[in-house]
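Residues per chain are reported as follows:
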Amino acid sequence: MNMLILGKTQGSLTRARVEGDRVAIDGDRECLLGYKLDAGRGRNGVFVQWYLEDGDIVLENDRYGMYPVYYRVEGRALEFSSSIADLVGNGQPARLNNAAIAAFLRAGSFFGNTTPFEDVEVLPPGATLRFGLKGMKLASVRATSGADPKLSLDQARDAYGELFRASMKKFSNVYSQKVAVPLSGGRDSRHILFAMVASGAVPDACITMRHRPPKSDEDAEVAGQICDRLGLNHVLLEQWKSLLHVEQEKNRLTNFCSLEHSWILPLARFLDTSGYDAAFDGIGGDVLSAGLFLSQHRLDLYRSGKLEQFADELMVSEAYTARLLSRSAHSSFSRQLALELIVNELEKYQGEVNPVSQFFFWNRTRRHIALSSWRILQQRPHVLAPFLDEDLYNLLSGLPPEYFLDHEFHEKTIARQYPQWADIPYETKSKPHRKVHPTENLRELGEVMMHFVAGIHQTPGCNPWSIYPHILKGLLSPSYYLHSKDVFKLPIYLKQFARQFDIQF
């Protein structure tokens, strides 16, 4: 039986409006974006779909809400799209969600179902939205864990390994197509590759992004060792040189909901122009099985109900925010608003076995990392996520957090499943930074300088005197610019956001 159903990779704006005694549709009347597993039964996979039923339009998504789709209701009309820009702008005003923006500016992510606008929300996980003559009705069921709490540590690792093999088998009908495995020196992509090769399948290429200097390229070195050992084609891609260009392109593609992911743009371009049909993504593997962001301190804060402290520690220092933002923006997007929003989201996971990992899964993985997968990478090829299989999630989300505190659970699972490759090292991130010629980044810095200096007072929300010193220091010391260029990301974001949506903070 065919376990995998592939839909379209990209969709466009769809409008539904009540006209008399019927619902009129502008756009596709029915559509599947992403993919469904288990022959389309249930909500396993990463997808959004809509169809007409009894005169209503029905919009549904996967159990995690990983495929980002945004909706807006205005009177007797519903609009939805994978792009917020389709719903806001071009004469369609929208109110800013001050609390959501306040949290984003300090923690780098949007939380829950929020977006920068009060009028626009992201479709929640496991959602069924029905719109028709009787108005709109929205129901949502978040996935819950179903693991056996009696599993020992070794039993849990073995169960994980076997379930992951089963997950990869569900994608076997794409192996005959042109398939890529983006490969790093870490665990998630390695686990995908080993399971694929052990099943007798070979990807057309493993692709690794080189890091921007001065970061070391140990990632590429380790990935190269893996490919040499397995006899696989290894493609290395360079980062694009223009910080300004990649940040602006990333902001557009991620709906202004992320400050990260610009590094993956060259990979997306390569997959698109080289005609790949599918690419495997390790999304979810780190949070669910490697204990990413999990620590005894955070676990203790959760268990003792100190959620305000937990939320406060997620945010950057207020001294930094106050220095960066203009007075009006700092007042509108206050730390207190951000704190209240994040605490409210933290409270939703207090009953979970592993509340820390669940909070990060449903917020950082779903609202932040998924943008990289299904808004940037998924242009032509389908992006497939084996770690998000429902059986895997049910197991891993229900295991005691103590199994993951040493951050070795995933690595030891891989070693138990594939002992023939257990000696291949992992990236350690300990290699010294690469040396860079002082003039290498002068053009990039000059581009950033002209962007701000030419219109410094047209950067809404920013205090210009928080930008000038970094430009000056970068001109005096190329080394300073190399190590501090991330400080320009938020100012670039704010200026582009204001222009895109005609916003005055």
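Residues numbered from 1 in each chain as written. Predicted model: local features only at pLDDT ≥ 70, side-chain atom pairs only at ≥ 80, totals over all residues. Heavy atoms only, no water.

Caption draft 1: Quick look at empty space enclosed by the protein. According to the stated counting rule, one finds 4 cavities of 30 Å³ or more in the structure shown. What the largest cavity holds in volume is close to 40 Å³. Lining the largest cavity are Gly 65, Met 66, Pro 68, Tyr 70, Val 122, Arg 366, Arg 367 and Leu 371. The dominant element in the lining of the largest cavity, judged by the number of residues it contributes, is helix H13 (residues 355-377), at 3 residues. Partitioning the lining of the largest cavity into residue classes produces 5 nonpolar, 1 polar and 2 charged. (1 Å grid on protein atoms, 1.4 Å probe; cavity = no way out; pocket = protein on both sides within 12 Å on 5 of 7 lines; lining within 4 Å. Points joined across faces, edges and corners; volume = space filled by probe spheres on them. Helix = DSSP H or I, 4+ residues; strand = E, 2+ residues; numbered from the N terminus. Nonpolar A, V, L, I, M, F, W, Y, C, P; charged D, E, K, R; others polar.)

Caption draft 2: Layout of the nonpolar core. Counting 159 residues, the largest nonpolar core has Phe 117, Phe 280, Ile 342, Phe 359 and Trp 374 as its most contacted members. Discounting chain neighbours no more than four positions away, the residues touching Phe 359 are Phe 111, Tyr 302, Phe 310, Leu 314, Ile 342, Glu 345, Leu 346, Tyr 349 and Arg 364. (Core = buried A, V, L, I, M, F, W, Y, C linked by side-chain atoms within 4.5 Å. Buried < 20%, exposed > 50% of the residue type's maximum accessible area, 1.4 Å probe, protein only. Contact = heavy atoms within 4.5 Å.)

Caption draft 3: The arrangement of unusual backbone geometry in detail. Positive phi values are uncommon outside glycine, yet Asp 54 reaches one of about 55°. The topology assignment puts Asp 54 in the loop between strand E5 (45-53) and strand E6 (56-61).

Caption draft 4: Here's a closer look at the state of the cysteines. Across all of its chains, the model carries 0 disulfides by this definition. This cysteine, Cys 206, is not joined by any disulfide, and Cys 227 carries the nearest cysteine sulfur, 3.9 Å off. Look at Cys 206 and you get buried, because its relative accessible area is 0%. A disulfide-free cysteine, Cys 257 has its sulfur positioned 18 Å from the sulfur of Cys 462, the nearest such atom. (Disulfide = S-S within 2.5 Å.)

Caption draft 5: The arrangement of the pairing of strand E12 (residues 179-182) in detail. Residues Val 179 and Val 181 of E12 are buried on one face, and the alternating residues Ala 180 and Pro 182, pointing to the opposite face, are buried as well. As paired strands, E12 and strand E15 (residues 278-280) are joined by 2 bridges and run parallel to one another. Across the sheet, Ala 180 pairs through a bridge with Ala 279, a residue of E15. (Pairing = 2+ DSSP bridges.)

Caption draft 6: Structural view of the packing of helix H16 (residues 442-453) against helix H17 (residues 468-476). Contact pair H16 / H17: the axes reach a minimum separation of 11 Å and the direction vectors enclose 150°. For the element pair H16 / H17, the angle class is roughly antiparallel. The crossing of H16 and H17 is left-handed. Residues Leu 445, Met 449, Phe 452 and Val 453 of H16 touch H17, and the partners they reach there are Tyr 468, Ile 471, Gly 474 and Leu 475. Counted by class, the contact of H16 with H17 contains 7 nonpolar, 1 polar and no charged residues. (Axes fitted to C-alpha atoms, helices over the stretch in contact; angles between N-to-C directions. Parallel < 35°, antiparallel > 145°, perpendicular 65-115°, else oblique. Left-handed = near helix turned anticlockwise from the far one by under 90°.)

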